[in-house]
Amino acid sequence: MTNTAAAEWLKLRSVRSTWWFVAGAAVTMLVVAPGTALTTSNNLEMHGGDPGSVDAASAAVGTVAFAVQFVLGALGMLAMTSEFAGRSITVTLACTPVRARLMLAKAGVVAVVVFAVGVPLAAVGTAVSAPLLDEYGRFDAARTVAQVGAMGVHLALVAVLALGVGTLVRRSAGTITVLFGLLLVVPFVLQLLAAAFDSEVFATVAEFTPTLAGQRFMTGDAEYGLVVAAWAAAALAAGIRALRTRDV
Amino acid sequence: MITLRALTKRYGDKTAVDGLTLELTPGTVTGFLGPNGAGKSTTMRMVLGLDAPTSGTALIGGRPYADLEHPLRTIGALLDARAVHPARSGRDHLRAMALSQGIPYSRVEEVLGLTGMTGAAGRRAGTYSLGMSQRLGIAGALLGDPRVLMLDEPVNGLDPDGVRWIRTLLRSLAAEGRTVFVSSHLMSEMERTADRLIVLGRGRLIADEPMSKLVAGTEVRVRGPRLQPLADALPAARWTGSDELTVAGPSPREVGKLAYDLGLPVYELRAVESSLEDSYMNLTAQSVEYGAER
């Protein structure tokens, strides 16, 4: 397994697109987080919000949930879809014919890399956006550190989810469609329905979709982290099964 | 070393490989021939476990591919030279393969040197010509110093120098006792490289013969105005023109003497080498999937 993981790590870091995506995630965070913070503080000012009513890291959390997770998710997806596109999957499977082992190695490498990138990104995002919350931001050191850590974990889980979906669909375009559906469209529609029918049921189901569960997880409800992890595990398991049973 | 037993692959109602049974032996270069769509690549893919057979087995040293601990050290294959991530350098491509097998980076440099790719190894694989991609693929197949080599059209895109280099390489690998399995469309090369020939047609085994048998050797061609008595005297002869007979067996001298004894004028008498291409065309005439009118 360590051999396979070492090979997958080399494969990930030896293509320029990996680093472009990391840079893209950084730019996204640096642009969107401050903007989100400004919007939040303006809203609170307009509606007379209480001081210290939002976490210092809240703008960064929002940015992760609605922007950065797509960029780093794409990185996870590409770890598999690029192999099918370039047909290098045949070489990869010739090297590592035990397909479950290959998938677990890829998932492990993707998770570690995205976590290692995500945590600093979350920290920097928090640092640049928190001041823009003015008096409405509440800074608690332990809580902020936990939230930064949770952002790293959420991003890693979403990347693994994307890897699993990418293995099922095999094509980037289709995978992106599924991911946008699952991470953006479905929760949005569910929340619309919840509002339209004033329904608790729809609202609760919405909170179990990866993005909204992740948002609750990153805000501090640790048990919602298990929901996101379950989604990632399910996608990975489905991907492993698909790779094992289908021709290549 | 490679054993196929009743290997079959069906896609819906199309049978790509049909009950193929054969055993490849070490120390020989076995050529794999067949028209396009005959099932050669599919067979090789099943040996590597990339596609699962519908029925039957493909074993390497008695074991399925997935059971091999370090597969690249047992069998090195080149199926598709373009199966490389275009943004990755040739060197990194080989290094990733090496890492997965626990092979040191020094071996990567060795095979790069062997295939003449050391200079280009730092460039992105997407910039390689077909010939360079082939060389990289061959380097990958040699990486694990395997006992078995399986190559699908290795001379594709190589210049004449490269073609000769491959031939020498394959023959030397076989001479070391390795099992070499090569598919090709280049008849003349196949004739000079392979010891044994397996011909596939529409997924079925059509021929499995030593090369010497398939290259029928020399025939005699004789032309003259009245050759009928000669044709009667040589039952194996066949008409290859209105005034021309071709016969395998007797020497030109013997045919010439027979014509003289029969009092027949002869305008032309010569030995003709029957080539692998002729034998191959005869064998596969019924089995061409995507053929032009002959």
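Cut-offs and rules
- Residues numbered from 1 in each chain as written.
- Chains lettered and ligands numbered in written order.
- Predicted model: local features only at pLDDT ≥ 70, side-chain atom pairs only at ≥ 80, totals over all residues.
- Heavy atoms only, no water.
- Helix = DSSP H or I, 4+ residues; strand = E, 2+ residues; numbered from the N terminus.
- Buried < 20%, exposed > 50% of the residue type's maximum accessible area, 1.4 Å probe, protein only.
- Contact = heavy atoms within 4.5 Å.
- Areas by Shrake-Rupley, 256 points an atom, 1.4 Å probe, with all protein chains shown as cover.
- Lys, Arg positive; Asp, Glu negative; His and termini not counted.
- Charge placed at Lys NZ, Arg CZ, Asp CG, Glu CD.
- Patch = residues over 30% accessible without salt bridge, like charges linked within 9 Å, V, L, I, M, F, W, Y side chains within 5 Å.
- Salt bridge = Lys/Arg side-chain N within 4 Å of Asp/Glu carboxyl O.
- Core = buried A, V, L, I, M, F, W, Y, C linked by side-chain atoms within 4.5 Å.
- UniProt positions renumbered as here; feature names shortened; annotations may be inferred.
- Pairing = 2+ DSSP bridges.
- Axes fitted to C-alpha atoms, helices over the stretch in contact; angles between N-to-C directions.
- Left-handed = near helix turned anticlockwise from the far one by under 90°.
- Nonpolar A, V, L, I, M, F, W, Y, C, P; charged D, E, K, R; others polar.
- Parallel < 35°, antiparallel > 145°, perpendicular 65-115°, else oblique.
- Phe/Tyr/Trp six-rings, centres within 6.5 Å; stacked < 30°, edge-to-face > 60°.
- Lys NZ or Arg CZ within 6 Å of the ring centre and 35° of its normal.
- Domains from an automatic or database assignment.
- Expected span 1.5 Å × (residues − 1).
- Bend = angle between axes of the 7 residues up to and from the residue.

Q: Help me understand the overall build of chain B, please; the structure alone is not making it clear to me.
A: Regarding its fold elements, chain B presents 11 helices and 13 strands. Overall, the C-alpha framework of chain B stretches about 75 × 45 × 35 Å when taken along its three principal axes. Expressed as a percentage of its 294 residues, the buried residues of chain B come to 50%. A separation of at least 24 residues holds for 68% of the contacts in chain B among residues at least 6 apart in sequence. Total accessible area on chain B stands at roughly 13,200 Å², and carbon and sulfur atoms take up 50% of it. Positive and negative charge centroids in chain B, built from 34 and 33 side chains respectively, lie 4 Å apart.

Q: So what exactly am I meant to see when it comes to a nonpolar patch on the surface here?
A: Residue and element names in this part refer to chain A. A contiguous nonpolar patch, built from Phe66, Ile176, Phe180, Leu184, Val185, Phe188, Val189 and Leu192 and spanning about 700 Å² of accessible area, is present on the exposed surface. For the nonpolar patch, the element with the most residues is helix H7 (residues 172-196), which contributes 7 residues. Of note, Phe188 is situated in helix H7.

Q: Is there a simple way to think about the nonpolar core in this case?
A: In globular proteins that are soluble, nonpolar side chains generally tend to be buried together. Counting residues in hydrophobic clusters, the biggest one holds 135 residues, and the most contacted among them are Met151(A), Ile2(B), Ile75(B), Leu197(B) and Leu276(B). A per-element tally of this core places helix H3 (residues 58-85) of chain A first, with 13 residues. Judged by nonpolar contacts, the second largest core, of 12 residues, contains Val220(B), Leu230(B), Leu234(B) and Leu245(B).

Q: Sorry if this is basic, but what is going on with the UniProt feature "transmembrane region" (unreviewed entry) in chain A here?
A: All names here are of chain A. UniProt feature "transmembrane region" (unreviewed entry): in the numbering of this structure it lies at residues 19-37, 57-79, 109-133, 145-169, 176-197 and 224-243. As annotated, residues 57-79 comprises 96% helix and 0% strand, and the C-alpha atoms at either end are separated by 30 Å. In this annotation, residues 224-243 is assigned 100% helix and 0% strand; the end-to-end C-alpha distance for the span is 29 Å.

Q: How do you make sense of the sheet that holds strand S6 (residues 148-152) of chain B when you look at a structure like this?
A: Through backbone hydrogen bonds, the strands of a sheet pair up, either in parallel or in antiparallel fashion. Residues and elements named next belong to chain B. Taken in spatial order, the 6 strands of this open sheet run S5-S6-S7-S3-S8-S9, and their pairing is mixed. Sheet topology places strand S5 (75-78) and strand S9 (204-210) at the edges, where each strand pairs with a single neighbour. Taking each pair of neighbouring strands and ignoring which way they run, the sheet shows an average axis angle of 15°. Pairing of strand S8 (residues 196-201) with S9 involves 6 bridges; the strand directions are antiparallel.

Q: Even after reading the chapter, I still don't get unusual backbone geometry, so can you show me in this structure?
A: Leaving glycine aside, a negative phi is the common case for residues, and trans is the common case for peptide bonds. At Asp198(A), a residue that is not glycine, the phi angle is positive and equals roughly 50°. When you line up the elements, Asp198(A) lands in the loop between H7 and helix H8 (200-207). Here the phi dihedral of Arg202(B) falls at roughly 50°; this positive angle occurs in a residue that is not glycine. Owing to a relative accessible area of 39%, Arg202(B) belongs among the partly exposed residues under this scheme.

Q: Looking at this model, I keep getting lost on the packing of helix H5 (residues 99-129) of chain A against helix H6 (residues 141-169) of chain A. Mind explaining?
A: The description of two helices packed together rests on the angle between their axes and the distance between the axes. Residues and elements named next belong to chain A. Across the interface, H5 lies against H6 with an axial gap of 7 Å and an inter-helix angle of 145°. By crossing handedness, the relation of H5 to H6 is classed as right-handed. From H5, Met103, Lys106, Ala107, Val110, Ala111, Val114, Phe115, Gly118, Val119, Ala122, Ala123 and Thr126 reach across to H6, where they touch Thr144, Val148, Gly149, Met151, Gly152, Val153, Leu155, Ala156, Ala159, Val160, Leu163 and Thr167. Split by residue class, the contact of H5 with H6 holds 17 nonpolar, 6 polar and 1 charged.

Q: Which parts of the structure should I look at to understand the packing of helix H3 (residues 90-101) of chain B against helix H5 (residues 130-142) of chain B?
A: Residues and elements named next belong to chain B. Taken N-terminus to C-terminus, the directions of H3 and H5 make an angle of 20°; their axes are 10 Å apart at the nearest point. With respect to each other, H3 and H5 are oriented roughly parallel. Read as a crossing pair, H3 and H5 show a hand that is right-handed. From H3, Gly90, His93, Leu94 and Met97 reach across to H5, where they touch Leu136, Ala139 and Gly140. Here the contact of H3 with H5 is composed, by residue class, of 4 nonpolar, 3 polar and no charged.

Q: What is the right way to look at the packing of aromatic side chains in this model?
A: Where two aromatic rings form a pair, the distance of their centres and the angle of their planes describe that pair. This model, assessed by the stated rule, comprises 4 aromatic pairs over all chains. Measuring from centroid to centroid gives 6.0 Å for Phe208(A) and Tyr224(A), while their planes differ by 50°, and the two rings are tilted. One end of the pair, Phe208(A), is in the loop between H8 and helix H9 (210-219); the other, Tyr224(A), is in helix H10 (residues 223-245), with 16 residues separating them in the sequence. You can call Phe208(A) partly exposed: its relative accessible area is 41%. Taking the centre distance of 4.7 Å and the plane angle of 40° together, the rings of Phe32(B) and Phe181(B) count as tilted. Of this pair, Phe32(B) sits in strand S3 (residues 29-33) while Phe181(B) is found in strand S7 (residues 179-183), placing the two residues 149 residues apart along the sequence. In this pair, the class of Phe32(B) matches that of Phe181(B), namely buried. For Arg135(B), the ring lying beneath its charged end belongs to Trp165(B), and the centroid distance is 5.1 Å.

Q: Explain the domain arrangement of chain B here, please?
A: For interface size, the figure often reported is the accessible area lost on association. The assigned domain composition of chain B is domain 1 (2-213) and domain 2 (218-273). Of note, the centres of domain 1 of chain B and domain 2 of chain B, computed from C-alpha atoms alone, are 45 Å apart.

Q: When you look at H3(A) in this model, what are you seeing that I'm missing?
A: Helical periodicity: at 3.6 residues per turn, an α-helix aligns residues three or four positions apart in one direction. Residue and element names in this part refer to chain A. Helix length check: H3 (28 residues) gives 38 Å between terminal C-alpha atoms against 40 Å at 1.5 Å per residue, within 8%. The largest bend in H3 is about 50°, located at Val68. By the criterion of burial, H3 is predominantly enclosed, with 24 of the 28 residues buried. Looking one or two places after H3, you find Arg87, whose phi comes out positive at around 65°.

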